[in-house]
Amino acid sequence: MSDARAFILDVRSQALLAQAIASAAALGIADALAAGPMAVAELADHCGAKPDPLCRLLRTLAGHGIFAEDDDGRFALTDGAQPLRSDRPDSLYPLLAGEFPSLVWATFGELEAAIRTGDVAFERAHGAPFFDYLAANPRANASFDRAMALVAATEHPLIAASYDFARFGTVADIGGGQGGLLAAILGRYPEVRGLLFDQPQVIDEPAELQAAGLLERCELVGGDFFASVPAGADLYLLKRILHDWDDAEAIAILRSVRAATGAGGRLAVIDAVMRPGNAPDPNKDLDLNIMALTGGRERTEAEFVALFAAAGFALDAVRPLPPPATLSIVEARPQ
Ligand SMILES: C[S@@+](CC[C@H](N)C(=O)[O-])C[C@H]1O[C@@H](n2cnc3c(N)ncnc32)[C@H](O)[C@@H]1O
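What you see as residue numbers is a count from 1 along each chain, following the sequence as written. In keeping with the predicted nature of the model, local features appear solely for residues at pLDDT of at least 70, side-chain atom pairs appear and are counted solely at 80 or more, and the whole-chain, interface and lining totals rest on all residues. Side-chain metrics in this entry use all non-hydrogen atoms of the structure; hydrogen atoms and water are not considered.

## Describing the site of the ligand
Condition: It suffices for a single heavy atom of a residue to lie within 4 Å of a molecule or strand for the residue to be listed as near it. Identification of polar contacts relies on pairs of N or O atoms within 3.5 Å, with a donor-acceptor requirement for protein atoms, meaning one able to donate a hydrogen and the other able to accept it, and with residues adjacent in sequence counted only if both atoms are side-chain atoms. Residue polarity follows a fixed list, in which Ala, Val, Leu, Ile, Met, Phe, Trp, Tyr, Cys and Pro are nonpolar, Asp, Glu, Lys and Arg are charged, and the others, Gly among them, are polar.
As a matter of local geometry, the ligand sits amid 19 residues, with G175, D198, D224, F225 and K239 nearest to it. Measuring from a nitrogen atom of the ligand, one finds a backbone N or O atom of F225 at 2.9 Å. By residue class, the composition of the shell around the ligand is 10 nonpolar, 4 polar and 5 charged.

This is the structure:
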């Protein structure tokens, strides 16, 4: 078989495997087996499943090192199943199970139709723009926040370590979610003060700042970054914000930030910077993902230059973060 056929067939079967792993996480199988191996009937009873399909799910996953069946027909945890547990620091559960991952699965089913029509796949699947939907569905919003925090957890220490935040008195994280990035920065730079800005329902419980005990060094402001953001910070961060939006919306956000930025202020956009051409780049996969969810886009350096110019900023430098992060810090100053 040609390499091309083998590759495509492999990707096709991986799609079902991904759904199988997500189903196992959602059923809580790894949590149930944390106390020890269980027979399928007992496990099915515990997880609210039917024994035969559950057995076939586990048999499939066991062939990939996720769970293992013993000689007595009982299933047990393996190292490969540990990330499905919801109670471990290395848990992948928030990306696999819960309201937000379910929304994503249904969204991807609309990809072809969205490409034909130009619709946003999420809106076809769920009847509302992504952030409007989350604002109206608190459980989905909380599930999304947990997934974001998980993705960001490896990035935040890298960002704090690879950029000199000590130069800035106040760092404002615009759309900063639960405050994880500010927690990493304030934790590393004791002189810096933080300002966390996000939608009122998100800013309500900045779990990561609270957990780090850094709330007293941080002002919390709820609002809409299309309307305005608080003035006077020395550095404005926009991490994984511009990629959520199309160019007109991204320029509107940048204009809000520009209006708040004094002459000596700086902007650091932390986002994917796509390589031009055919080079393999995980950020191109991310581009398709964000197109389907929000109608946003990842951008090349040239596209950032154009966005900045339209909002009154000038690009200073693009600093790729060290692996495993795939994002870059894109620095700009007022024009
Ligand atoms: C993709 S998340 C990024 C969160 C965080 N910066 C990170 O990198 O983990 C986008 C954030 O933008 C916030 N957001 C969306 N629309 C907003 C608006 N109109 N005004 C303020 N924040 C908004 C969301 O609540 C969410 O926290």
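## Some words on the nonpolar core
Rules: Throughout, nonpolar core names a set of buried Ala, Val, Leu, Ile, Met, Phe, Trp, Tyr and Cys residues whose side chains join them through atoms within 4.5 Å. Whether a residue is buried, partly exposed or exposed follows from its accessible area with a 1.4 Å probe, protein chains only, as a fraction of its type maximum: under 20%, in between, or over 50%, in that order.
Core analysis: the largest hydrophobic core is formed by 42 residues, its most contacted members being Y236, L238, L242, L254, L267 and F308. Membership of the second largest hydrophobic core comes to 29 residues, among which are I159, F165, A183 and I203.

## Here's the deal with the environment of A309
In plain terms, the rule: Working definition: helices are DSSP H or I runs of at least four residues, strands are E runs of at least two. Numbering for both runs from the N terminus.
You can see A309 is positioned in helix 16 (residues 301-311). A309 sits in the partly exposed class, given a relative accessible area of 43%. Linking A309 and V192, residues 117 residues apart in sequence, is a C-alpha distance of 29 Å.

## Let's talk about the domain arrangement of the chain
To be explicit about the condition: Delimitation of the domains relies on an automatic or database domain assignment.
Its domain assignment divides the chain into domain 1 (3-84) and domain 2 (114-334). Of note, the centres of domain 1 and domain 2, computed from C-alpha atoms alone, are 35 Å apart.

## Observations concerning the sheet that holds strand 1 (residues 38-39)
Worth spelling out the cut-off: Pairing between two strands requires that DSSP report at least two bridges joining them.
Spatially, the 3 strands line up as an open sheet ordered 1-3-2, and their pairing is antiparallel. The sheet is open, and its two edges are formed by strand 1 and strand 2 (68-69), each paired on a single side. Bridging between strand 1 and strand 3 (residues 74-76) involves 2 bridges; their strand directions are antiparallel. Paired with A39 across the two strands is R74, which belongs to strand 3.

## Section: unusual backbone geometry
With an omega of 10 degrees, the peptide bond running from P323 to P324 counts as cis. As for its position among the elements, P324 is in the loop between strand 9 (313-320) and strand 10 (327-334). Here the phi dihedral of F67 falls at roughly 75 degrees; this positive angle occurs in a residue that is not glycine. Looking at the element boundaries, F67 is found in the loop between helix 4 (51-62) and strand 2. Its identity is not glycine, yet R240 carries a phi of approximately 50 degrees, on the positive side. Inspection of the secondary structure assignment puts R240 in the loop between strand 7 (235-239) and helix 14 (247-260).

## Observations regarding helix 11 (residues 180-188)
Taking burial as the measure, the 9 residues of helix 11 include 7 buried ones, the bulk of the element. Considered for burial, the residues of helix 11 that qualify are G180, L181, L182, A183, A184, I185 and L186.

## Examining the packing of aromatic side chains
Cut-off, in case you're wondering: Stacked, tilted and edge-to-face are the three classes assigned to paired rings of Phe, Tyr and Trp, where Trp is represented by its six-membered ring and a pair needs centres within 6.5 Å; plane angles under 30 degrees give stacked, over 60 edge-to-face, the rest tilted. Cation placement over rings: the criterion is NZ of Lys or CZ of Arg within 6 Å of the ring centroid and within 35° of the ring normal.
Throughout the structure, instances matching the rule amount to 15 aromatic pairs. Ring geometry for F100 against F130: centres 6.1 Å apart, planes inclined by 75 degrees, an arrangement best described as edge-to-face. Here the residue F100 occupies a position in helix 6 (residues 99-108), and F130 occupies one in helix 9 (residues 130-136), the gap between them amounting to 30 residues. Here F100 matches F130 in class, with each residue buried. For the pair F122 and F130, a centre-to-centre distance of 5.1 Å together with 75 degrees between the ring planes defines the contact as edge-to-face. Residue F122 is classed as buried on the basis of its relative accessible area, which comes to 0%. Grouped by ring-pair contacts, the aromatic residues F100, F122, F130, F131, Y133, F144, F225, F226 and W245 constitute a single cluster. A cation sits over an aromatic face here: R167 above Y163, 5.3 Å from the ring centre.

## Considering the pattern of salt bridges
Heads up, the rule is: What counts as a salt bridge is simple: a side-chain nitrogen of Lys or Arg found within 4 Å of a carboxyl oxygen of Asp or Glu.
In the structure shown here, the tally under the stated rule is 13 salt bridges. Of the charged contacts, one joins D247 and R299 as a salt bridge, the two residues approaching to 2.8 Å between their closest N and O atoms. One end of the pair, D247, is in helix 14; the other, R299, is in the loop between helix 15 (282-293) and helix 16, and 52 residues separate them in sequence. Accessibility expressed as a relative area gives 38% for D247, which makes it partly exposed. Residue class for R299 comes out buried when judged on its relative accessible area of 2%.

## Description of the packing of helix 10 (residues 138-161) against helix 11
As a reminder, the rule being used: Lines are fitted to the C-alpha atoms to define the axes, a helix being fitted only along its stretch in contact, and any angle between axes, read from their N-to-C directions, falls within 0 to 180 degrees. The scheme is simple: roughly parallel for angles under 35 degrees, roughly antiparallel for over 145, roughly perpendicular for 65 to 115, oblique for anything else. What makes a crossing left-handed is the near helix being turned counterclockwise from the far one by less than a right angle; a clockwise turn instead makes it right-handed. Here, residues are in contact when the closest pair of their heavy atoms is within 4.5 Å.
Contact geometry of helix 10 with helix 11 gives a least axis separation of 9 Å together with a crossing angle of 40 degrees. Overall, the two elements helix 10 and helix 11 adopt an arrangement that is oblique. Both helix 10 and helix 11 take part in a crossing whose hand is right-handed. Where helix 10 approaches helix 11, its residues H156, P157, I159, A160 and A161 are matched on the opposing element by G180, L181, A184, I185 and R188. Taken together, the residues of the contact of helix 10 with helix 11 sort by class into 7 nonpolar, 2 polar and 1 charged.

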